[in-house]
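A closer look at the structure
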Amino acid sequence: MTDSRSNLLDFSPAGLEDYFVSLGEKPFRARQVMKWIYHRGVSDFGEMTDLARPLRARLDECAIVAGPQIVREQHAADGTRKWLLSLGGRNAVETVFIPEPRRGTLCVSSQVGCMLNCSFCSTATQGFSRNLSTAEIIGQVWLAAQALGHTSKRRRITNIVMMGMGEPLLNFEPVLGAIELMCDDLGFGMAGRRVTVSTAGLVPGIDRLRASAEVSLAVSLHAPEDELRNRLVPLNRKYPIAELLAACRRYVSGRRRTRITFEYTLIDGINDSPGCARALAKLLHTVPAKLNLIPFNPFPGTVYRRSSPEAIERFQQIVLGAGLVATVRRPRGEDIDAACGQLVGRVLDRTRRQQRHRRAVQAAAEGATMVAP
Ligand code: SAH
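Notes on the structure in this doc start here. What you see is a predicted model; the values in this text were computed from it and never measured.

**So, the environment of I318**
On the secondary structure map, I318 appears in helix α10 (residues 309-321). The sequence separation of I318 and R278 amounts to 40 residues, and the corresponding C-alpha distance is 6.6 Å.

Rendered as structure tokens:
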């Protein structure tokens, strides 16, 4: 059974005005309704008391406000929280909240699964199912805000990163609609620099994003040269490093005080050598950059291992010594598989598929040496 009612979470601010006009209403009704939805977490039109009764009754018939369905919520020992959200059918995504002393970061997903097949990412093992709608993306923020008691006065979510499952720039329009709702004063009122889109390096998407929104950009680099990056991030064959960095320079040009965050997952014996660190530092001198080093997070079936603490320290010292801004991302929520690259929509019969995949990978890995697949 499909629901023919419009989900109001699907509309960008401008789209919601058009919607009310299409109902024969004044555009400002959209603003009233946005306040109820995003500032007060209200989904029942009956509670929207500044709307005339007939309009409330009409909305009851033709509209809904519905986020994804929460299947499971987990709390990690370090305060990290993770929600598994069902999107209907067999599709599910995960959303993670990471509290820190002075900020709270929400990591949201943009696709069910992913088609980019990065060899060190567990989301890749489940393949690609489908894109998320704007409602499903902003719905993650909306649900988390309610669960966390986030209000415009008591801001628990201070940053949003599109670093969950999927490649946001391959789902451009719905992601952009969600970004507009994150940043709109009548939505979540986030400053653009506190919203980060993370990409594996989709060059045309980076240019399009620059033209459409003023948000922070993170680029998953993971290797300082093409031959190695081709193996870790297959998309590199299409958009090699030189083209990617040129797009990064275009992204920041004319925007003051903007840096691109480069994510670099440190994998034992693969990309963590001093030579890699030196080459990376040299490369990133051509872009306003900050480097985020992510110790590899293992997942069942992977042949990769996390770099040793010594290798991580040595790598960081080399890039710092070369004048880069570089931080090491502390793994969070490991006890609930909430860390980078560990997100999967594990539900129902997907579990079987995962187990089969796991067994197949383990069999292939037996006796395998540490080389990138
Ligand atoms: N497709 C986008 C968004 C996903 S972000 C992108 O690639 O940027 C997820 C981040 O976690 C990326 O930087 C990714 O490279 C990193 N990551 C993926 N698997 C990981 C793993 N197993 N350990 C640590 N980081 C990982």
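**Details of helix α6 (residues 203-212)**
Among the residues making up α6, those that are buried are V203, G205, I206 and L209. Each buried residue of α6 lies within a common arc of 160° when the element is viewed along its axis, so the set occupies one face. Against α5 (172-183), β10 (195-199), β11 (216-220) and α8 (241-252) lie the buried residues of α6.

**Examining the nonpolar core**
In this structure, M182, L209, F262 and L291 are the most contacted members of the largest nonpolar core, which totals 106 residues. With nine residues, the single largest contributor to this core is helix α4 (residues 134-148). Ignoring any residue separated from it by four or fewer positions in sequence, one finds F262 in contact with V219, L221, L245, C248, L284, V287, A289, K290, L291 and N292. The next biggest cluster of nonpolar side chains, apart from the first, holds seven residues, and it includes A76, V96, V161 and I336.

**Observations regarding the pairing of strand β9 (residues 159-162)**
Side-chain alternation along β9 places N159 and V161 on one buried face and I160 and M162 on a second face that is also buried. Of the strand pairs in this sheet, strand β6 (residues 103-107) and β9 are connected by three bridges, and their pairing is parallel. Directly across from C107, in β9, lies its bridge partner V161. The pairing of β9 with β10 spans three bridges and is classified as parallel. The residue of β10 that forms the bridge with V161 is T196. Taken together, β9, α5 and β10 form a β-α-β motif whose crossover is right-handed.

**Structural notes on the site of the ligand**
Within the structure, the ligand sits among 19 residues, and F120, S198, S220, H222 and N297 are positioned closest to it. In this structure, G166 approaches the ligand through a main-chain N or O atom, which is 3.1 Å from a nitrogen atom. Within the side chain of T265, a nitrogen or oxygen atom sits 3.3 Å from a nitrogen atom of the ligand. Secondary structure elements with two or more residues in the shell around the ligand: β10 and β12 (260-266). Of the residues that constitute the shell around the ligand, the class distribution is eight nonpolar, nine polar and two charged.

**Focus: a nonpolar patch on the surface**
A cluster of nonpolar side chains, contributed by M115, F128 and L170, occupies part of the molecular surface with about 250 Å² of accessible area. Topologically, L170 is positioned in the loop between β9 and α5. On the basis of relative accessibility, which here comes to 31%, the residue L170 falls in the partly exposed class.

**Details of a negative patch on the surface**
Taken together, the side chains of D44, E47, D60 and E61 present a region of like negative charge at the surface. For D60, a relative accessible area of 44% translates into the label partly exposed.

**Details of the packing of aromatic side chains**
Following the criterion strictly, the structure yields six aromatic pairs and no others. Ring geometry for Y38 against F188: centres 5.4 Å apart, planes inclined by 70°, an arrangement best described as edge-to-face. Residue Y38 is located in helix α2 (residues 28-40), and its partner F188 is located in the loop between α5 and β10; the two are separated by 150 residues in the primary sequence. Both residues of the pair, Y38 and F188, belong to the buried class. Judged by centre distance (6.0 Å) and plane angle (85°), the ring pair of F296 and Y304 falls under edge-to-face. Since its relative accessible area comes to 3%, Y304 is described here as buried.

**A few points about the side chain of R56**
Residue placement: R56 occurs in helix α3 (residues 53-62). Reaching out from R56, the side chain makes a polar contact with the backbone oxygen of G46 at a distance of 3.2 Å. When near neighbours in sequence (up to four residues on either side) are disregarded, R56 contacts F45, G46, M48, T49 and L51.

**Let's talk about the state of the cysteines**
With the rule as written, the count across this model stands at zero disulfides. Unpaired in this structure, C114 has its nearest cysteine sulfur neighbour in C118, at a distance of 6.4 Å. Look at C114 and you get buried, because its relative accessible area is 14%.

**Details of the sheet that holds strand β3 (residues 69-75)**
Note on sheets: strands pair through backbone hydrogen bonds, and any given pair is parallel or antiparallel. Taken together, the ten strands give an open sheet; going across it, the order is β3-β4-β5-β6-β9-β10-β11-β12-β13-β14, and neighbouring strands pair in mixed fashion. Only two strands of the sheet have a single neighbouring strand rather than two, namely β3 and β14 (325-328). Sheet twist, expressed as the mean angle between neighbouring strand axes with direction ignored, is 20°.

**Quick look at α10**
Given a rise of 1.5 Å per residue, 13 residues ought to cover 18 Å, and the 18 Å separating the end C-alpha atoms of α10 matches this to within 8%. Residues of α10 that are buried include every one of A311, I312, F315, Q316 and V319, and no others. Mapping the buried residues of α10 onto a view down its axis gives an arc of 130°, with all of them on the same face. Opposite the buried face of α10, at more than 90 degrees from it, the exposed residues are P309, E310 and G321. Against β12, α9 (274-284), β13 (289-295) and β14 lie the buried residues of α10. Trailing α10 by a residue or two, G323 shows a phi angle of about 95°, which is positive.

Here is what the cut-offs are and how they apply
- Residues numbered from 1 in each chain as written.
- Predicted model: local features only at pLDDT ≥ 70, side-chain atom pairs only at ≥ 80, totals over all residues.
- Heavy atoms only, no water.
- Helix = DSSP H or I, 4+ residues; strand = E, 2+ residues; numbered from the N terminus.
- Buried < 20%, exposed > 50% of the residue type's maximum accessible area, 1.4 Å probe, protein only.
- Arc of directions from axis to C-beta.
- Contact = heavy atoms within 4.5 Å.
- Core = buried A, V, L, I, M, F, W, Y, C linked by side-chain atoms within 4.5 Å.
- Pairing = 2+ DSSP bridges.
- Right-handed = clockwise from strand over helix to strand, strands pointing away.
- Near = heavy atom within 4 Å.
- Polar contact = N/O pair within 3.5 Å; in protein donor to acceptor, adjacent residues only side chain to side chain.
- Nonpolar A, V, L, I, M, F, W, Y, C, P; charged D, E, K, R; others polar.
- Patch = residues over 30% accessible without salt bridge, like charges linked within 9 Å, V, L, I, M, F, W, Y side chains within 5 Å.
- Areas by Shrake-Rupley, 256 points an atom, 1.4 Å probe, with all protein chains shown as cover.
- Salt bridge = Lys/Arg side-chain N within 4 Å of Asp/Glu carboxyl O.
- Lys, Arg positive; Asp, Glu negative; His and termini not counted.
- Charge placed at Lys NZ, Arg CZ, Asp CG, Glu CD.
- Phe/Tyr/Trp six-rings, centres within 6.5 Å; stacked < 30°, edge-to-face > 60°.
- Disulfide = S-S within 2.5 Å.
- Axes fitted to C-alpha atoms, helices over the stretch in contact; angles between N-to-C directions.
- Expected span 1.5 Å × (residues − 1).

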